[in-house]
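Geometric and topological summary
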Amino acid sequence: MEVFLQQLINGITLGSIYGLIAIGYTMVFGIIGMVNFAHGDVFMVAAFVALVAFLILTTWLGVSSIAVALFIVLIVAMLFTSLVNWIIERLAYRPLRGSFRLAPLISAIGMSIFLSNFVQVSQGPRNKAIPPMVQGEFVLFTQNDYAVTLSFKQLIIWGVTAVLLVCFWYLVAKTRLGRAQRACEQDQKMAALVGVNVDQTISMTFVIAAALAAVAGTMYLMYYGVVSFSDGFVPGVKAFTAAVLGGIGSLPGAVIGGLLIGLIETMWSAYFSIDYKDVAAFSVLAITLIFLPQGLFGRPDVEKV
Amino acid sequence: MADGVEKVRIDTAGALRDAAITALLAFGLFLPLIGFQTVTNIRNELVLTTRWPLLFSIVAIVGVARLAYSFFFAPWLAQRRLRPVAVTPPAWRGFVGKWFVPFAIGFVIVYPAIVIASLGFGGALKWVDNFGIQILIYVMLGWGLNIVVGLAGLLDLGYVAFYAVGAYAYALLAKEFGFSFWILLPLAGVMSSFWGILLGFPVLRLRGDYLAIVTLAFGEIIRIVLVNWVDLTNGYAGISGIPRPSFFGIPFNADDDGFAATFGLAFSPIYRTIFLYYLILALAFLTAFVTVRLRRLPVGRAWEALREDEIACRSLGINTTNTKLTAFGMGAMFAGFAGSFFAARQGFISPESFTFLESATILSIVVLGGMGSQIGVAIAAIVMIGGTEIMRELDFLKQIFGESFDPTQYRMLLFGFAMVIIMVLRPRGLVSTRDPSVFLKERKAISADLVKEGHG
C-alpha cells in the first residue's frame, strides 16, 4: 500500500511532464496532421536553455531566492524555445505544406537528428548535472518503516502543470487564437476563406507547443537535476504514446494519456522490472494503436472514398 | 526584353532589412547554446564559459548568407521561373539515362581494382572498407526497405530490428554451433523474415504515421531486449570474436592453409576486405534483381497497387493482409542478410549498432532517393553515407580552425541538416519519376505529380 501510494505520487509527477509534451504532439498533429518528430528534442533543448539560464542567474548574478530564479528560468526557457520552434516550422515544415505526406515526417526526423547533435557539439556529450534546486519534502505518513513522501519539487511540478493547463485551456477555448486553431483543425481551406490567417495560426500552434515543452523541460531539469543531449528521444516517444493513448487531436486526452503513461511506467518499475520500463510504455503504444486506434478520447477516423 | 526574359529587380533596402532580421533571429537562436557553454570544472561543478567571438561570427555568417540569397539566389530563381520551360528534354539526358546503370554497375565491379591501382594495398584498405563496403551495406538496406516503403507504401521506422535479428542470429549460431557463414546467411534471412511477419501481423490495420510509430516501438523493444537479456546477448558489452567468413572454406589468415598462402600471394588484410566487398556487392545486386523481378509478378503488382490505393485494391479482390505480410517478410529477409553480413564483417556486434538512428538513416535514404526508385536509393546512400564518411577525412580543416577542431563531430549534425535541406528542395526525393512495370506500346516515365504514396 505504502509503496503503491509513493509510486502513485511519482507517477503523477512523471505523467505531468509527459502530458505537457504530449499536448505539443497532439496540437501539431491535430492542425497539420504531422507527427512532429523533433518535438522531443525541442523539449531537450528547452532543458538545456533552462540549465544555462539557471547557471547565469545563480553563479553570475547571484540570485539566491530559488523561487525567483525558477520563475525567471521558466520564462526564459519558454520564450527561447518558442523562438526555436517558430524558426524550425518556418524553415523545415512550412515549405513542405501540401507536399506528399512523408516529406514533413522525414524533415522532422532530420531536424530531430540535427537538434540533438547541435546540442552535443555545442555543449559537449557529457551529462550535465546541477546541485538540487529545490530540497525538502512532506512526510505524508509512515507505515512499516516506509515513509510516503511528497517532495517540494513534485508539488511545484503539479502546481505549475495545473496552472498552465488552466491557462492553456482558456487560450484554446475562449480566445480568438484558440478559435482560429480549432477552425484550422477542422478545415484549413474554409478557415482561410472566412478570414483566418492559416499560416500564422499554425506558427502560433508551434509556439504554444514549444512553450509547453519548455515548461516540461524546466521541470525535468529541476526534478532530475541532470540532462544530456540524448534525453529528448525517449521522453518524446513516450509523450507521443501518451498523445496516442489519449486520442491524438484531443487535448484533455493528451493530459490523461500522459498521466496514464507516467503511472504505468512507475508502477511497472516498482512491481516488475526497471530494465524493461520502456518496453512497457512502447507495448502500451502498440496495443493501443492496434486495438483502440482512435485512443480514449479521440474521434474515430472515418475514411471517405 | 530581347528574348522574353525580364530582368529581375533587386530591392536593396528590403534585402538589407531581411538580412538584419535574420541575423537578429540567429542571435536569439544561438545565444543560449553557442554564446554560453556549460563546462564541468575541477571541483566537478558545472560552470559557464562564454564564446562571444564564435557566436558573433555565426550570426555574421547567417546575415551575409541571407544577403547573398536575396542578391544572387533569389533573382536567379525568379529569372528561371520567367524563362519558358523546355518541352523536350536535352539530348544528353536520354544518353545519360540509357548508359548510367551499365556504367555504374561496371564501376562498382572494378572499384577495388581502381583504388588499389591508385593507392597501393595499404592506402586502399580504408577506401574499400569505409567507403565501398559501408556504402554498399546501406544501399542493400535501402533496397530492402524500398520493398516495404517504396513498393508497398508501408512506412516502417523499425527496420533496424530485422537487421539486428540477422546480425544476432549469425553471431550466436556461428559462435555456439560453429556453422559456416554460407549456412547461416539464408538462415538469418529466414529468421528475420519470420520476425517481420510476426511483427507485421498485428499492425496491418494501421496506416501511414501510425504504422511508422508502432514499427518504431517494435524496433526499440527489440533493442531494449538485446540490451537487457544479458544471458543471451551479453547486453551492452556485445558479442565479440564472431567467426569471419572464409573463401569457400579457405580462411583469410596468415597460416599456411590461409588464402594468401594457398594462392601463392603475400599475406595482406586487404584480400578479406576485397572478398567482403564483392560479397556485399553480390548481396546488394541480389536484392535489386529480386525486387526488379518481383515487380513483374502478381505480388509485386499488388504491392504497388496497395501503395496507390488500398481501398481500390481491396475492392478488386486483392488479399491486402497477405500482400502486406509478403512485403514485410521480404523486406525483413534482406535486412537479415545484411545483418549477418554486418556481423561477419565487424566480428563484433552490440545493441549500439541497432539504434533508432539507423532506422531513421535507412528510411531517409529510401525517401531521399525517391521512393520506389532503385537508382535514387543508391545515389542517396552514396551521398548520405559517403558524405558522412568523408567527414572523417577532412583533417586539413584542422589547419584552418585549429588543432581542437574535429570534423567527425559534425557528421551527424550535417547529416540531419542535409535531410531537411533535401526534403525542402526536393520533397519527392532525388529521382522522383516512376518507372511503370505495365505499359501500353511505349514505356513512359510517370511524373511525380501524378503519384501519391505512403498513405497506406
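Criteria and cut-off values
- Residue positions within a chain follow its written sequence, with the count starting from 1.
- Numbering of ligands from 1 and lettering of chains from A proceed in the order in which they are written.
- With pLDDT at 70 or above as the cut-off, local features in this predicted model cover only qualifying residues; side-chain atom pairs require 80 or more to be listed or tallied, and sums for whole chains, interfaces and linings still use all residues.
- Side-chain metrics in this entry use all non-hydrogen atoms of the structure; hydrogen atoms and water are not considered.
- Secondary structure elements are defined from DSSP: runs of H or I of at least 4 residues count as helices, runs of E of at least 2 residues count as strands, and each element is numbered from the N terminus.
- The classification of residues rests on relative accessible area computed with a 1.4 Å probe and restricted to protein chains. Under 20% of the type maximum is buried, over 50% is exposed, and intermediate values are partly exposed.
- When checking whether two residues touch, look at their non-hydrogen atoms; a contact exists if any pair is within 4.5 Å.
- For the domain bounds, the source is a domain assignment made automatically or taken from a database.
- Paired strands, in this sense, are two strands between which DSSP finds at least two bridges.
- Defined in terms of a 1.4 Å probe, buried area is the accessible area two parts forfeit on being brought together, summed over both.
- Salt bridges, as used here, are contacts in which a Lys or Arg side-chain nitrogen is within 4 Å of a carboxyl oxygen on Asp or Glu.
- Identification of polar contacts relies on pairs of N or O atoms within 3.5 Å, with a donor-acceptor requirement for protein atoms, meaning one able to donate a hydrogen and the other able to accept it, and with residues adjacent in sequence counted only if both atoms are side-chain atoms.
- For this scheme, ten residues count as nonpolar: Ala, Val, Leu, Ile, Met, Phe, Trp, Tyr, Cys and Pro. Four count as charged, namely Asp, Glu, Lys and Arg, and the remainder, Gly too, count as polar.
- In this scheme Phe, Tyr and Trp rings, the latter by its six-membered ring, pair at centre separations within 6.5 Å, and the angle between planes marks the pair as stacked below 30 degrees, edge-to-face above 60, and tilted otherwise.
- A helix is expected to reach a length of 1.5 Å times the quantity of its residues less one.

1. Some remarks on the overall build of chain B
Scanning chain B from N- to C-terminus turns up 16 helices and 4 strands. Out of the 456 residues belonging to chain B, those deemed buried represent 47%. For chain B, contacts bridging at least 24 residues in sequence account for 71% of all contacts bridging at least 6.

2. Overview of the domain arrangement of chain B
Here chain B is partitioned into domain 1 (12-82) and domain 2 (113-450). Its C-alpha centre places domain 1 of chain B at a distance of 37 Å from the equivalent point of domain 2 of chain B.

3. Section: the environment of Arg 207 of chain B
One can find Arg 207 of chain B in the loop between α5 (181-200) and α6 (208-228). As a C-alpha pair, Arg 207 of chain B and Gly 158 of chain B span 49 residues in sequence and 15 Å in three-dimensional space.

4. With respect to the pairing of strand β2 (residues 46-50) of chain B
Residue and element names in this part refer to chain B. Where strand β1 (residues 36-40) lies against β2, 5 bridges are found, and the strand directions are antiparallel. Residue pairing for β2: Gln 37 is matched across the bridge by Thr 49. Turn length for the β1-β2 hairpin, with the two strands adjacent in sequence and antiparallel, is 5 residues, and the turn residue Asn 44 shows positive phi of about 65°.

5. Topic: the environment of Ala 174 of chain B
Residues and elements named next belong to chain B. Here Ala 174 lies in helix α4 (residues 160-177). The sequence separation of Ala 174 and Leu 184 amounts to 10 residues, and the corresponding C-alpha distance is 7.6 Å. Contact partners of Ala 174, with chain neighbours within four places excluded, come to Phe 179, Leu 184 and Pro 243.

6. Focus: the interface of chain A and chain B
If you look at the interface, chain A gives 62 residues, while chain B gives 60 residues. Together chain A and chain B conceal approximately 5600 Å² of surface at their shared face, both sides included; 77% is due to carbon and sulfur atoms. For the interface between chain A and chain B, the tally reads 0 salt bridges. Run the count over chain A and chain B and you get 7 residue pairs in polar contact (both at pLDDT 80 or more). Among the elements of the structure, α2 (39-60), α3 (66-93), α4 (102-123), β1 (128-129), α9 (233-246) and α11 (277-291) of chain A are those that each provide at least two residues to the side of chain A that touches chain B. When residues in the side of chain A that touches chain B are grouped by element, the largest group, 16 residues, is from α4 of chain A. Of the residues that constitute the side of chain A that touches chain B, the class distribution is 49 nonpolar, 8 polar and 5 charged.

7. Observations regarding the packing of aromatic side chains
Pairs of aromatic rings are described using the distance from one ring centre to the other and the angle between the two planes. Residues and elements named next belong to chain B. Across all of its chains, the model carries 31 aromatic pairs over all chains by this definition. With centroids separated by 5.5 Å and ring planes inclined at 75°, the aromatic side chains of Phe 36 and Trp 52 adopt a geometry described as edge-to-face. Of the two residues, Phe 36 is situated in strand β1 and Trp 52 in helix α2 (residues 52-82); the sequence distance between them amounts to 16 residues. A relative accessible area of 34% means that Trp 52 is categorised as partly exposed. Taken together, a centroid distance of 4.5 Å and an interplanar angle of 15° make the contact between Trp 127 and Phe 131 stacked. In this pair, Trp 127 and Phe 131 both sit in helix α3 (residues 91-151), 4 residues apart, roughly one turn of the helix.

8. Details of α9 of chain A
Under the 1.5 Å per step criterion, the end-to-end length of α9 of chain A is 20 Å for 14 residues, consistent within 8% with the ideal 20 Å. Counting buried positions along α9 of chain A yields 12 of 14 residues, so the element is predominantly enclosed. Inspection of α9 of chain A places Pro 235, Gly 236, Val 237, Lys 238, Ala 239, Phe 240, Thr 241, Ala 242, Ala 243, Val 244, Leu 245 and Gly 246 of chain A among the buried residues, and these make up the whole buried set. Looking at the buried positions of α9 of chain A, the neighbouring elements they touch are α1 (2-32), α2, α10 (251-271) and α11 of chain A together with α6 of chain B. Backbone geometry just after α9 of chain A places Gly 247 of chain A at a positive phi near 100°.

9. Considerations on helix α16 (residues 411-425) of chain B
The terminal C-alpha atoms of α16 of chain B, which comprises 15 residues, lie 21 Å apart, in line with the 21 Å expected from a rise of 1.5 Å per residue. Residues of α16 of chain B that are buried include every one of Arg 411, Met 412, Leu 413, Phe 415, Gly 416, Met 419, Val 420, Ile 422 and Met 423 of chain B, and no others. Each element contacted by the buried residues of α16 of chain B is listed here: α3 and α4 of chain A together with α13 (356-369) and α14 (374-390) of chain B.

10. Thoughts on the side chain of Gln 181 of chain A
Residue and element names in this part refer to chain A. Here Gln 181 shows up in helix α6 (residues 176-186). Looking at Gln 181, its side chain comes within polar contact range of the side chain of Thr 205, at 3.0 Å. Not counting the four nearest positions on each side in its chain, Gln 181 is found in contact with Met 27, Ile 31, Val 172, Thr 201, Met 204, Thr 205 and Ile 208.

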